[in-house]
Structures are given as structure tokens and as C-alpha cells.
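Listed below are the residues making up each chain.
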Amino acid sequence: MDHAAADYEMGEVDGNMYFGGMMVRDSDSDEEEEDEYDHLDNKVTDTCAADARKGKDIQGIPWDKLSITREKYRKTRLEQYKNYENIPDSGEACQKECKLTRKDGKYYEFWQNTRSVKSTILHFQLRNLVWSTSKHDVYLMSYYSIIHWSSLSSKKTEVLNVLGHVAPCEKHPGSLLEGFTQTQVSTLAVRDNVLIAGGFHGELICKDLDRPGVNFCTRTTYDENAITNAIEIYDSPSGAAHFTASNNDCGVRDYDLEKFLLVKTFSFPWPVNHTSLSPDGKIMGIVGDNPDGMLIDSENGKTIAPLRGHLDFSFASAWHPNGVILATGNQDKTCRVWDTRNLSKSIAVLKGNLGAIRSIRFTSDGQFMSMAEPADFVHIYDVKKDFDKEQEIDFFGEISGTSFSPDTESLFIGVWDRTYGSILQYKRYRNYSYLDSMI
């Protein structure tokens, strides 16, 4: 993972709107804005499914007041967006391998966009900052605050503020009782009642969501290149809850979550950007600053098999619930799907529109897989139909993370933008949608 910075924000300056670095002038900048588009009133500018059905833009962007149409701006965005690559032209070199998919899938339908909840990112390559724990509940990073948002009660709650001093209220071996100040959170993981935040300097902060205070603070490494790239919470083969931290110092560390104890450390030849555990906890998928990934034995760290096919560095991976299928996302603008019973070749190569695939998620029932680009597009594939068909969710803004709810009923997407930053919520499409009016 690089220390470079990137900024593809939209914003508003002096009455003119900026989308992805291109200024778009208001068609009548002297005209007073209607209340519906008052950016200071977040409740007014939120959008629900009923608004969208009446023709309102899901993000509340007033296209009728701008000097460019949505279609024209989309075209310009596709032409001008520059994908970040560590290996030049990697995004073009693999296009011939990519699967042609039908884009008429309808799996999740727009439910609401909440601009009163600002989802943010800190590093342009790390996009795992949104986690859902139920169809109504989602946790996300908002500047220096970790926020809980309930779409059922429309209530926003600060769970943890890392701008000030954060210190553990429990004593555990290896815990830094002095804690941290002004932690820059680079990655996040939430499962059940546990939240773990990783920082730019190797910080790990663990919190029980059912209790006040912080349980555990530690620093994985004091290496200069210490950024925590990813955290994975999983069940070990023994059934105990564990988590892994993937770091830029080329290490992956495994912790017992109940005892907050470092169990083992694995080292690799390159920085590790993401680690994912198979459903049985026995195999780790490892990807990082190398075109090739690998599968290793989670007990001893021995290499089981390489993953060869990507042309750039990878930042995302996810296992299908069946424990056989693994997906990896890369800066070559593709997601590769692997059958771990035969790794000689990936079974599908799925392409993005704008840039790298930086976040991948499977639904808990294995029916769908989502892959998120750095901005503007989230793709949902029907796994059971061999990834031949997809739904393309199209909006504007950097993507801070995506998360399916554990029951598969909701999909949350964090959008980072100075003006249109928000949390998007989609509901799983059901043929009995007429019942919505009774809920």
C-alpha cells in the first residue's frame, strides 16, 4: 500500500459545484436555492424510495439547476477518471480476459440516502470503513468519530471519538494502558458486539459495543511503515473468536479476541493489504503489494497455493460461505473469482468501469457478491448464475465501504464527498414489495 494521496471529491465553492475536479456552474446562480436543495438542512436533502420514484435524484443532486445533465457528466466522468496503478497500464492489459455480463439484474432496490451521516475515508486505497450488524444498523467512520446509524429510528450515535485520548479500561497482557491520542483510523471491522479499529501507526483499538469504554489498545508494530490495512474478525477452527490485522510492515498478526492475546505472526515478502479467512477458519487468503496472492494454512503459515492472474496490487478479498470460492480485487480494475479446488486459472474475471476493485462482500446465504470500485459504482452479481448477470449501482462520490446486513436484507454503501457525502441503503428486492405499505 502506498503513502500517496488522491482526491476525487465533489464539492461546492462560491455557488459553483465541483464534481471529480470538474467545475459545473449553476444554470442560474443568482436564483435563491429552494429549500429542497438547502445543503445546510440535511433532513430536507435526504432522499427516500418514494422521492426517487417521483424522479428525485437519489443523492439529491439538483441536475435541473446545473449546466450539465447527469448523462453528460457520467460520460465525462468515465472518460476523465484516472485509475491509480502501481504497475503501468495494468487496467488495460487484462481487458480481453474479462467476462461479458448482462447488466439487467435487479437484486437490491434503493431505499434511502442519508446525508446527515457523513461517511469519510482517510487513505485512498483502503475502503473497509462501513459495517452492518442488522438490516437497520450500520457502523462507519466519520472524520475522527466512529458512528452508529439506525435507519429504523433515524438516530445517529457516536460510538468512539479517536480525536482525543483513548485508553483501555481493562488490563490485558500486551495492552497499552496509556492508550492513544488523535488516532488516524485506516480500517475498521465490526461483528456481533465487537468493534475493532486499525490506525496509521499500527494501532489497534478493541471495543465491546454493549459496554462503555475501550477493552484493549495495542500497537502491532513500531516499524515506520506500520499502517493497518485490514482487520478480519473470524471464528477459529476451535470455535474461539479471533481477529487478524494485516499491516504494511509485511506482517499478519492473529489475536484471540476473548483474551486479547497475540497468538501468532506471519511474515511475507511484501506489504499485506487484505487477509480473509475461509468459513472453517483453516485457510487464509493473502493479497498485497504483489500481483500474485496466496493461500496459506492459518495454523502454521505454510503456503498452500499461489493465486496468479492479477496484474497489479490487490486490496480486497472475500470467501463465499461455501468455503470453496474466493474472490480477490485488484488495481488492474478486476475482481477474480477462484475455485480453490483448482487454482490453475480463475473461474471468472469481472471488470469495473472506473478503477480498482477495493471492496468485496458476499451475502451470508451465498446468493450475491458485491464489488466496489473506488468511486461511483458498486456491482452486485448473482453467484448462483455463475456471475453472468449483474446489477450496477450508479452514483457519484468516493466509496468508503460496502456491507450487506447479516440477514442479507440490506446493503449499505458509504459515500465520501464534501457536499454529497452520505450513507446509501438498498433493500433486497422481493416480489412481495406491496407489503412495504403495511410495515
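Residues numbered from 1 in each chain as written. Predicted model: local features only at pLDDT ≥ 70, side-chain atom pairs only at ≥ 80, totals over all residues. Heavy atoms only, no water.

1. Things to note about the side chain of H379
Tracing the backbone shows H379 in strand β30 (residues 375-382). For H379, a relative accessible area of 0% translates into the label buried. Here the side chain of H379 touches E373 through a polar contact of 2.6 Å, side chain to side chain. Reaching out from H379, the side chain makes a polar contact with the side chain of E390 at a distance of 2.8 Å. With residues up to four places along the chain from it excluded, the contact list for H379 reads K351, G352, N353, M369, S370, M371, E373, E390, Q391 and E392. (Helix = DSSP H or I, 4+ residues; strand = E, 2+ residues; numbered from the N terminus. Buried < 20%, exposed > 50% of the residue type's maximum accessible area, 1.4 Å probe, protein only. Polar contact = N/O pair within 3.5 Å; in protein donor to acceptor, adjacent residues only side chain to side chain. Contact = heavy atoms within 4.5 Å.)

2. Thoughts on the nonpolar core
Membership of the largest hydrophobic core comes to 34 residues, with the highest contact counts inside it found for I196, I205, F243 and L257. Every element with two or more residues in this core is listed here: β7 (137-142), β12 (185-191), β13 (194-199), β14 (203-208), β15 (216-219), β16 (228-235) and β17 (241-247). Residues within four places of I205 in sequence aside, it is in contact with L160, V162, V166, F180, T183, L195, I196, A197, V214, F216 and C217. (Core = buried A, V, L, I, M, F, W, Y, C linked by side-chain atoms within 4.5 Å.)

3. Observations concerning the sheet that holds β15
If you trace the four strands from one edge of the open sheet to the other, you get β12-β13-β14-β15, paired in antiparallel fashion. Across the chains shown, the open sheet's two edge strands, defined by having one partner strand only, are β12 and β15. Averaged over all pairs of adjacent strands, the angle between strand axes in this sheet comes to 15 degrees, irrespective of strand direction. With four bridges joining them, β14 and β15 adopt antiparallel strand pairing. The residue bridging E203 from the neighbouring strand is R219, located in β15. (Pairing = 2+ DSSP bridges. Axes fitted to C-alpha atoms, helices over the stretch in contact; angles between N-to-C directions.)

4. Quick look at the side chain of S317
With respect to the helices and strands, S317 occurs in strand β24 (residues 314-319). Engagement of the side chain of S317 in a polar contact is seen with the side chain of H274, the distance being 2.8 Å.

5. Describing unusual backbone geometry
Even without being a glycine, Y143 presents a positive backbone phi close to 60 degrees. With respect to the secondary-structure elements, Y143 resides in the loop between β7 and β8 (145-150). The exposed category is assigned to Y143, whose relative accessible area is 52%. Even without being glycine, D192 reaches a positive phi, approximately 55 degrees. Structurally, the position occupied by D192 is in the loop between β12 and β13. The exposure class assigned to D192 is exposed, which follows from its relative accessible area of 60%.

6. Concerning the sheet that holds strand β26 (residues 334-339)
Strand order in the open sheet formed by four strands is β24-β25-β26-β27, and the pairing between neighbours is antiparallel. Strands at the two margins of the open sheet, each flanked by one partner only, are β24 and β27 (348-351). Each adjacent strand pair in this sheet contributes to an overall mean axis angle of 20 degrees, direction not counted. One ladder, built from five bridges, connects β24 with strand β25 (residues 325-330); its direction is antiparallel. Directly across from W319, in β25, lies its bridge partner L326.

7. Considering the confidence of the model for the protein
Low-confidence regions, as indicated by low pLDDT, have predicted coordinates that should not be scrutinised in detail. Within the protein, residue pLDDT values average 89, and 89% of them lie at 70 or more. Counting contacts from residues 4-44, a segment whose pLDDT is below 50, to residues more than four positions away or on other chains yields 92 contacts. (pLDDT = per-residue confidence, 0-100.)

8. Some words on the pairing of β17
Within β17, seven of the seven residues are buried, which leaves the element mostly enclosed by the surrounding structure. Burial of β17 is two-sided: the residues A241, F243, A245 and N247 facing one way and the residues H242, T244 and S246 facing the other way are all buried. Relative to β17, β16 is paired through seven bridges, and the arrangement is antiparallel. Bridge assignment links T228 to a residue of β17, and that residue is N247. The loop that links β16 with its antiparallel partner β17 comprises five residues; one of these, G239, has a positive phi angle of about 100 degrees. Direction of pairing for β17 relative to strand β18 (residues 251-256): antiparallel, over a ladder of five bridges. The residue of β18 that forms the bridge with S246 is V252. A loop of three residues connects β17 with β18, the two strands running antiparallel in sequence, and C250 in this loop sits at a positive phi of about 75 degrees.

9. Here's the deal with the pattern of salt bridges
Going through the model one piece at a time under the given rule, you end up with 22 salt bridges. Across the salt bridge formed by D394 and R70, the nearest N and O atoms sit 3.2 Å from each other. Linking D394 in strand β31 (residues 390-404) with R70 in helix α3 (residues 70-80), this pair joins segments that are 324 residues apart in sequence. Note on D394: relative accessible area 25%, which makes it partly exposed. In this structure, D249 engages R253 in a salt bridge whose closest nitrogen and oxygen atoms are separated by 2.7 Å. Here D249 matches R253 in class, with each residue buried. (Salt bridge = Lys/Arg side-chain N within 4 Å of Asp/Glu carboxyl O.)

10. Considerations on the packing of aromatic side chains
Counted under the stated rule, the structure contains 13 aromatic pairs. Between Y108 and F368, the ring centres sit 5.9 Å apart and the planes meet at 75 degrees, which makes this aromatic pair edge-to-face. Of the two residues, Y108 sits in strand β5 (residues 108-114) while F368 sits in strand β29 (residues 368-372), which places them 260 residues apart along the sequence. Each member of the pair, Y108 as well as F368, carries the same accessibility label: buried. Ring centres 5.7 Å apart and planes at 75 degrees place the aromatic pair F110 and Y426 in the edge-to-face group. Of the two residues, F110 is situated in strand β5 and Y426 in strand β33 (residues 422-428); the sequence distance between them amounts to 316 residues. Note on accessibility: F110 and Y426 belong to one class, buried. Chaining the aromatic ring pairs together yields one cluster made of Y107, Y108, F368 and F404. (Phe/Tyr/Trp six-rings, centres within 6.5 Å; stacked < 30°, edge-to-face > 60°.)

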